[in-house]
Amino acid sequence: MGSETYWMFDFFGSVMPVVFVVVLGIILLSAGKGIMQWNRNNRQPLLTVDSRIVSKRSEVTHSRHPDDSMASRSRTSYYLTFEVESGDRMEFAVTGEEFGICAKGDEGRLSFQGTRYYRFERYPRLHREPVRGFENHK
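My aim in this report is to walk through the structure given alongside it, one point at a time. (Residues numbered from 1 in each chain as written. Predicted model: local features only at pLDDT ≥ 70, side-chain atom pairs only at ≥ 80, totals over all residues. Heavy atoms only, no water.)

As a further point, take the nonpolar core. Residues Ile-53, Leu-80, Phe-82, Phe-92, Val-94, Phe-99, Cys-102, Leu-110, Phe-112, Tyr-117 and Phe-120 constitute the largest nonpolar core, which totals 11 residues. Looking at this core, the elements that each hand over two or more residues are β2 (72–84), β3 (89–94), β4 (107–113) and β5 (116–122). (Core = buried A, V, L, I, M, F, W, Y, C linked by side-chain atoms within 4.5 Å. Buried < 20%, exposed > 50% of the residue type's maximum accessible area, 1.4 Å probe, protein only. Helix = DSSP H or I, 4+ residues; strand = E, 2+ residues; numbered from the N terminus.)

See the structure below:
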């Protein structure tokens, strides 16, 4: 082992701790943001309001296992965008089952707390009266 190899140990001894601290900081920052959002949602009132579905979208993400070129995973996330009487719009992540039974234009009662979605109770289409404020938006 000559003096030429000492630079490598010096490099790892000084750079690796910095990389470790940066990665640990990113992980802690992400966890902290999640906890703060959870806490903000808990402080918000649970609201149930008249609303209408104005948009549906899904997002598919793919991941491939690095050791096996044949193995891959796909994940689909589903989102509904609701418009309330004031004209404000909110998008929430929903289950695939709920996404499948909802259609653009459905009207009903949206229950949520902050950014946390609870449920959407649709009004029956045959016996439905227009939601106040939505009569001219169809």
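In terms of strand pairing, strand β1 (residues 47–64) meets β2 through 13 bridges, oriented antiparallel. Looking at the pairing, Ser-63 lines up with Arg-73 of β2. Where β2 hands over to β3, the hairpin turn is made up of 4 residues, of which Gly-87 adopts a positive phi near 100 degrees. (Pairing = 2+ DSSP bridges.)

What characterises a pair of aromatic rings is the spacing of the ring centres plus the angle enclosed by the ring planes. The full count for this structure, using the stated rule, is 6 aromatic pairs. Judged by centre distance (4.8 Å) and plane angle (40 degrees), the rings of Tyr-78 and Phe-99 are tilted. Here Tyr-78 is found in strand β2, whereas its partner Phe-99 is found in helix α2 (residues 96–101), with 21 residues between them in sequence. Judged by its relative accessible area of 25%, Tyr-78 is partly exposed. Phe-99 sits in the buried class, given a relative accessible area of 15%. A ring pair is formed by Phe-82 and Phe-92, whose centres lie 6.2 Å apart and whose planes are at 55 degrees; its orientation type is tilted. Taken as a pair, Phe-82 in strand β2 and Phe-92 in strand β3 lie far apart in primary sequence, 10 residues in all. Residue Phe-82 is classed as buried on the basis of its relative accessible area, which comes to 0%. (Phe/Tyr/Trp six-rings, centres within 6.5 Å; stacked < 30°, edge-to-face > 60°.)

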